[in-house]
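# Working through the structure, step by step
Below are the chains, spelled out letter by letter.
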Amino acid sequence: MTGALAGRTALVTGGSRGIGRAIALALAREGASVAICHHGDERAAETLADLQALSSKSFAFEADVSREDDVVAMLAEVAARFRTLDIAVNNAGILREAPILETSAADFDRVVAVNLRGTFLVGREAARHMRERPAGVSPARIINLASDLAFLGREGMAAYSASKGGVVALTRSFATEFAPQILVNAIAPGPVDTDMTSPATMSPEALARDLDIPLARFAAPEEIAALALYLAGDGARFVTGQCYGINGGSAMP
Ligand SMILES: NC(=O)c1ccc[n+]([C@@H]2O[C@H](COP(=O)([O-])OP(=O)(O)OC[C@H]3O[C@@H](n4cnc5c(N)ncnc54)[C@H](O)[C@@H]3O)[C@@H](O)[C@H]2O)c1
């Protein structure tokens, strides 16, 4: 296999659909072997077939990233199959839109558990496998999916925004603690056309607000994957601890 990432290995959490699927396929097209995890998503089989057509070593794992035992088992499987791990993408995430006064403690905890605790657990276990790298090898990468809502106040999104603000903070700590062997960066997308932004998940008001941005459209998942590909590649060897907005102008910090 040729490509900018030929011979490298990657794990993409929540890789069965949406942004995670686009990132997994982008990495595989550049030659990486890619493991995806998902949480009971029937679309994982189709994504896995597409990945295996690009790299026969690719595989899928069912795991809840908020569960420490699931994450430890997943990274053990990745280590057993790939031997090394070069790229980990913390993409798994959930959104539960609700006004603050109607947000239960359980719902708040669940959003934070998947989005923030999951990013911590997968990042920690990935780092165990990434720290020992032979001299001269490109640094390993951890790429965390934050959100423009990490920086914006938004009705109905308190739990989600708080979890994503935590992801940005976690990114900086990981980048500091694991330099120079592991480069750790975050991507903060604005609205992207996925299940998360479907009418089943978000209110009409929230969807209308998402479109009220300078570029007045949703991104395609592939546009987010292009940035992930840059951060995973050799062109980004001097980039760590950063959070990149890709948001159609929704946030201009
Ligand atoms: N869609 C957007 O507008 C948008 C904007 C900014 C940030 N993001 C972030 O990008 C990431 C991907 O979002 P998406 O829109 O593709 O979402 P999606 O709902 O289409 O896909 C979510 C993926 O995460 C997996 N997942 C959910 N809970 C999980 C769990 N507990 N353990 C393991 N996997 C789990 C699902 O199986 C699925 O593969 C998320 O972190 C999201 O917060 C999305």
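Residues numbered from 1 in each chain as written. Predicted model: local features only at pLDDT ≥ 70, side-chain atom pairs only at ≥ 80, totals over all residues. Heavy atoms only, no water.

The name given to the protein in an unreviewed UniProt entry is 3-oxoacyl-ACP reductase FabG, and the organism recorded there is Microbaculum marinisediminis.

## Section: helix 2 (residues 44-54)
Where helix 2 is concerned, the buried positions are Ala44, Thr47, Leu48 and Leu51. Projected onto a plane normal to the axis of helix 2, the buried residues spread over an arc of 100° and lie on a single side. Away from its buried face by more than 90 degrees, helix 2 exposes Ala45 and Ala53. Tucked into the core, helix 2 has its buried residues touching helix 1 (18-29), strand 2 (33-38) and strand 3 (59-62). (Buried < 20%, exposed > 50% of the residue type's maximum accessible area, 1.4 Å probe, protein only. Helix = DSSP H or I, 4+ residues; strand = E, 2+ residues; numbered from the N terminus. Arc of directions from axis to C-beta. Contact = heavy atoms within 4.5 Å.)

## Considering the UniProt feature "domain: Ketoreductase" (unreviewed entry) in the protein
The sites that UniProt annotates as "domain: Ketoreductase" (unreviewed entry) are residues 8-190. In residues 8-190, helix accounts for 46% and strand for 18%; the two terminal C-alpha atoms are 29 Å from one another. (UniProt positions renumbered as here; feature names shortened; annotations may be inferred.)

## Examining the packing of helix 3 (residues 68-82) against helix 4 (residues 105-130)
Relative orientation of the contacting elements helix 3 and helix 4 amounts to 35°, with a least axis distance of 10 Å. Note on packing geometry: the crossing formed by helix 3 with helix 4 is right-handed. Facing Glu68, Val71, Val72, Met74, Leu75 and Ala79 of helix 3, the residues of helix 4 in contact are Arg117, Leu121, Val122, Arg124, Glu125, Ala126 and His129. Looking at side-chain class alone, the contact of helix 3 with helix 4 contains eight nonpolar, one polar and four charged residues. (Axes fitted to C-alpha atoms, helices over the stretch in contact; angles between N-to-C directions. Left-handed = near helix turned anticlockwise from the far one by under 90°. Nonpolar A, V, L, I, M, F, W, Y, C, P; charged D, E, K, R; others polar.)

## Overview of the nonpolar core
Val12, Ile23, Leu27, Val34, Val89 and Ile187 are the most contacted members of the largest nonpolar core, which has 30 residues in total. Listed by contribution, the elements that provide at least two residues to this core are strand 1 (9-13), helix 1, strand 2, strand 4 (87-90), strand 5 (140-145) and helix 7 (221-232). Residues contacting Leu27, with those up to four places away along its chain left out, are Leu5, Ala10, Val12, Ala32, Val34, Ile87, Val89, Leu229 and Ala232. Val71, Leu121, Ala126 and Ile182 belong to the second-largest nonpolar core, a separate cluster that totals 29 residues. (Core = buried A, V, L, I, M, F, W, Y, C linked by side-chain atoms within 4.5 Å.)

## A closer look at the packing of aromatic side chains
Under the criterion given, the structure shown has three aromatic pairs. For the ring pair Phe174 and Phe178, a centre distance of 5.7 Å and an interplane angle of 50° mean the geometry is tilted. One end of the pair, Phe174, and the other, Phe178, are both in helix 5 (residues 158-178), four residues apart, so they sit about a helical turn from each other. You'll find Phe174 and Phe178 in the same group, each marked buried. Each member of the aromatic cluster is reached from another via a ring pair, and the members are Phe120, Phe174 and Phe178. We note Arg81 situated over the ring of Phe59; from NZ or CZ to the ring centre the distance is 4.2 Å. (Phe/Tyr/Trp six-rings, centres within 6.5 Å; stacked < 30°, edge-to-face > 60°. Lys NZ or Arg CZ within 6 Å of the ring centre and 35° of its normal.)

## Topic: the site of the ligand
Ser16, Asn91, Tyr160, Val192 and Thr194 are the nearest of the 30 residues found near the ligand. A distance of 2.5 Å separates an oxygen atom of the ligand from a polar atom in the side chain of Thr194. Within the residue set of the shell around the ligand, elements represented by two or more residues are helix 1, helix 4 and helix 5. Residues belonging to the shell around the ligand are distributed by class as follows: 13 nonpolar, eleven polar and six charged. (Near = heavy atom within 4 Å. Polar contact = N/O pair within 3.5 Å; in protein donor to acceptor, adjacent residues only side chain to side chain.)

## Some remarks on the sheet that holds strand 1
Judged by pairing direction, the sheet is parallel, and its seven strands sit side by side in the order 3-2-1-4-5-6-7 without closing on themselves. Each edge of the sheet is formed by a strand with only one pairing partner; in this case those strands are strand 3 and strand 7 (243-246). On average, each strand axis in the sheet is tilted by 20° relative to the strand beside it, whichever way the strands run. Judged from the five bridges that link them, strand 1 and strand 2 form a sheet pairing that is parallel. Bridged to Leu11 within strand 2 is Ala35. Relative to strand 1, helix 1 is tilted by about 170°, and along the sheet it contacts strand 1, strand 2, strand 4 and strand 5. Sitting on the sheet, helix 5 touches strand 5, strand 6 (182-189) and strand 7, and the angle it makes with strand 6 is about 165°. (Pairing = 2+ DSSP bridges.)

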